[in-house]
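Secondary and tertiary structure notes
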Amino acid sequence: MSPSTQAMQKDDSQNPAMLWVQDGEALWNRAVGKSEKSCAGCHGAAPAAMRGVAARYPAYDAAAQRPVNLAGRINLCRTRHQQAEPLAAESQELLGIEAYVAFQSRGLPIVVATDPALAPLRERGRKFYQQRIGQLDLACAQCHDDNAGKRLGGSVIPQAHPTGYPIYRLEWQGMGSLQRRLRNCLTGVRAESFPFGAQELVELELYLFARAAGMLIETPAVRP
Amino acid sequence: MGPGSSAFAQAPPPPLPYVVADDGIPEPLTGAPGDAVRGRAIVANRQAGLCLLCHSGPIPEERFQGTLAPDLGGAGSRWSAAQLRLRLVDGRQLNPTTIMPSYYRVQGLVRVGAAWQARTLLTAQQIEDVVAYLLTLRAPRQ
Amino acid sequence: MARTLINLPQAPRRGELIEIRALIQHPMETGYRPGADGKVLPRDIVRRFSCRFNDGAASELVISADLFPAIAANPYLAFHMVATGSGMLTFTWEGDNGFTQTETVALKVA
């Protein structure tokens, strides 16, 4: 990351992602759905209640029998507890709440969830990370492990650490989730992408978070 | 063409057969000779050849060239036409772990997007054009 | 209402040169980009930004700027002024489709 992008991220009055954090705070406190409950109505104030949550996600949801990332958890909460419609993937509302929740873990190290149900899913994520895919026949690992730091066209290849999501990406001129970023790469190697929320993407997220264990959450991050 | 069909949607012909000898493909893939001018355009085009995403090369009008792979400058002094042809067609026959895509192979790929299924990255003629261009890239005499 | 981030120093000394930063949530759609349906998205940009300072006696223009399609989404503007005294800073953004937003922030000198 260039010094100017880092400076933009570090200064909350320059970081445009803080606009979404503000949105998320308002949504956290807004009653929705048939329950007429807000997030705060159950959880209380987010700075205490949500501290560290983003640093240990994705988690296994026993009732749904699948792994869920933070956005998936927010939508499960909406349907189960607020009796509200789930928010659309990549909607400004969902990105706002997700950013606000993850922001409460800023500066905390990523910890690998020990839930045994997650281990085989994380392993599937690792295998997918190393699987060559698409017309270009490239695996995530070939760029992000073996060639990180070199330039693909004009862009420095990053090490693929999911420390800052949702991120404000200058190329997007807006906010986006880790799954949006993963789908970008899938299309880049000309592979058939997965829909938002697909379990394959959550498994890949599980592996990426384990791979980044100990790194500090920096949501909301700014990326080129 | 009727409604719902287009040239894009039609299944392309399968790749032509070729014969590998030593570390190259001695015979051209097509009867028509390669055109170095067309080849240069393919190399420079980030949607067609994609070459400059990883390689740099003597194409000064194209900014933001990659650093993942060797400079294409001098490629014509380092390699013969046969060697260049195999490295483009399916370099993984020589180095299974290379990040260079196989530009003329449709077998053995996983989860190829619908728009690219059964399609080679370049056509046989485009391969010949790129080979012709790369052969013009001579290293300066010492 | 669009979200804004406005930052100014707390309790600067009278006469101090201070930096003021203002960021607003806005797509800054250029008018040149095709949308998902292939049709060009109509232009939607902030066209003018201004900041006025009112010390209770008079209102004075601190800065005004014209914005153009090449400016990024969520435009961020930083500028300097001399903190001559306490008063109110009024920030105004105006743009296409009748967009207008005003934010007022107190400046208190030590």
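Residues numbered from 1 in each chain as written. Chains lettered and ligands numbered in written order. Predicted model: local features only at pLDDT ≥ 70, side-chain atom pairs only at ≥ 80, totals over all residues. Heavy atoms only, no water.

**Description of the interface of chain C and chain A**
What counts, and what does not: Residues are treated as being in contact if the distance between any of their heavy atoms lies within 4.5 Å. The quantity reported as buried area is the accessible area (1.4 Å probe) lost by two parts once they are put together, taken as the sum for both. We define a salt bridge as a contact between a side-chain nitrogen of Lys or Arg and a carboxyl oxygen of Asp or Glu at a distance within 4 Å. N or O atoms closer than or at 3.5 Å make up a polar contact, with two conditions inside protein: a donor-capable atom paired with an acceptor-capable one, and, for residues adjacent in sequence, both atoms drawn from side chains. A run of DSSP states H or I qualifies as a helix once it reaches four residues; a run of E qualifies as a strand once it reaches two. Both are numbered from the N-terminal end. The classification used treats Ala, Val, Leu, Ile, Met, Phe, Trp, Tyr, Cys and Pro as nonpolar, Asp, Glu, Lys and Arg as charged, and all other residues, Gly among them, as polar.
Each partner contributes to the interface: chain C provides 12 residues, whereas chain A provides 14 residues. When the two sides are added together, the surface that chain C and chain A hide from each other amounts to roughly 1,100 Å², 49% of it contributed by carbon and sulfur. The interface formed by chain C and chain A contains two salt bridges. For C:R3, the salt bridge is made with A:D23, and the minimal N-O distance between the two is 2.5 Å. The tally of links from chain C across to chain A stands at six residue pairs in polar contact (both at pLDDT 80 or more). Of all the secondary-structure elements, those providing two or more residues to the side of chain C that touches chain A are strand 1 (4-7) and strand 2 (17-24) of chain C. In terms of residue class, the side of chain C that touches chain A is built from six nonpolar, four polar and two charged.

**Digging into the sheet that holds strand 5 (residues 76-82) of chain C**
Rules: Here, a strand pair is defined by DSSP locating no fewer than two bridges between the strands. Note on definitions: angles span 0 to 180 degrees between N-to-C directions of axes, and those axes are lines fitted to C-alpha atoms, for helices only across the stretch in contact.
If you trace the three strands from one edge of the open sheet to the other, you get 1-2-5 (chain C), paired in antiparallel fashion. The sheet terminates laterally at strand 1 and strand 5 of chain C, the two strands that pair on one side only. Within this sheet the neighbouring strands show an average axis-to-axis angle of 15°, counted without direction. Across the face of the sheet, helix 2 (residues 17-28) of chain A comes into contact with strand 1 and strand 2 of chain C while running at roughly 115° to strand 1 of chain C.

**Points about the packing of aromatic side chains**
Threshold: Within 6.5 Å between ring centres, the rings of Phe, Tyr and Trp (the latter by its six-membered ring) count as paired, and their orientation is classed by plane angle as stacked under 30 degrees, edge-to-face over 60, tilted in between. Exposure categories follow from relative accessible area, calculated using a 1.4 Å probe and restricted to protein chains: below 20% of the type maximum is buried, above 50% is exposed, and the middle band is partly exposed.
One pass over the full model with this rule turns up eight aromatic pairs over all chains. Aromatic side chains A:W20 and A:Y168 sit 5.8 Å apart centroid to centroid with 55° between the ring planes, which places their arrangement in the tilted category. Highlighted residues: A:W20 in helix 2 and A:Y168 in strand 5 (residues 167-169), separated in sequence by 148 residues. There is no split in this pair, since A:W20 and A:Y168 are both buried. Measuring from centroid to centroid gives 6.0 Å for C:F49 and C:F79, while their planes differ by 55°, and the two rings are tilted. Separated by 30 residues along the polypeptide, C:F49 in strand 3 (residues 46-54) and C:F79 in strand 5 bring together distant segments of the chain. Neither residue differs from the other here; C:F49 and C:F79 are each classed as buried.

**Focus: helix 6 (residues 92-103) of chain A**
Structural remark: α-helix, 3.6 residues per turn; residues separated by three or four positions point the same way. Residues and elements named next belong to chain A. Let me state the cut-off plainly: Here, expected helix span is obtained from the residue count minus one, scaled by 1.5 Å.
Given a rise of 1.5 Å per residue, 12 residues ought to cover 16 Å, and the 16 Å separating the end C-alpha atoms of helix 6 matches this to within 8%. Helix 6 sits mainly inside the fold: 10 of its 12 residues count as buried. By the burial criterion, the buried members of helix 6 are L94, L95, G96, I97, E98, A99, Y100, V101, A102 and F103. Summarising the contacts, the buried residues of helix 6 are in contact with helix 2, helix 4 (46-49), helix 5 (70-82) and strand 6 (174-176).

**Regarding the domain arrangement of chain A**
All names here are of chain A. Operational definition: Those domain boundaries reflect an automatic or database domain assignment.
Split by domain assignment, chain A resolves into domain 1 (3-103) and domain 2 (116-223). Computed from C-alpha coordinates alone, the two centres of domain 1 and domain 2 are separated by 20 Å. In total, about 2,100 Å² of surface goes out of reach between domain 1 and domain 2, with carbon and sulfur atoms giving 73% of it. Of all residues in domain 1, the largest losses of buried area upon contact with domain 2 belong to Q9, P67 and E90, amounting jointly to 26% of the total for that side. For the pair domain 1 and domain 2, the interface holds zero salt bridges. Where domain 1 packs against domain 2, one counts six residue pairs in polar contact (both at pLDDT 80 or more). Elements with a contribution of two residues or more to the side of domain 1 that touches domain 2: helix 1 (3-10), helix 2, strand 1 (59-61), strand 2 (66-68) and helix 6. The dominant element in the side of domain 1 that touches domain 2, judged by the number of residues it contributes, is helix 6, at five residues. Class assignment for the residues of the side of domain 1 that touches domain 2 results in 19 nonpolar, four polar and three charged.

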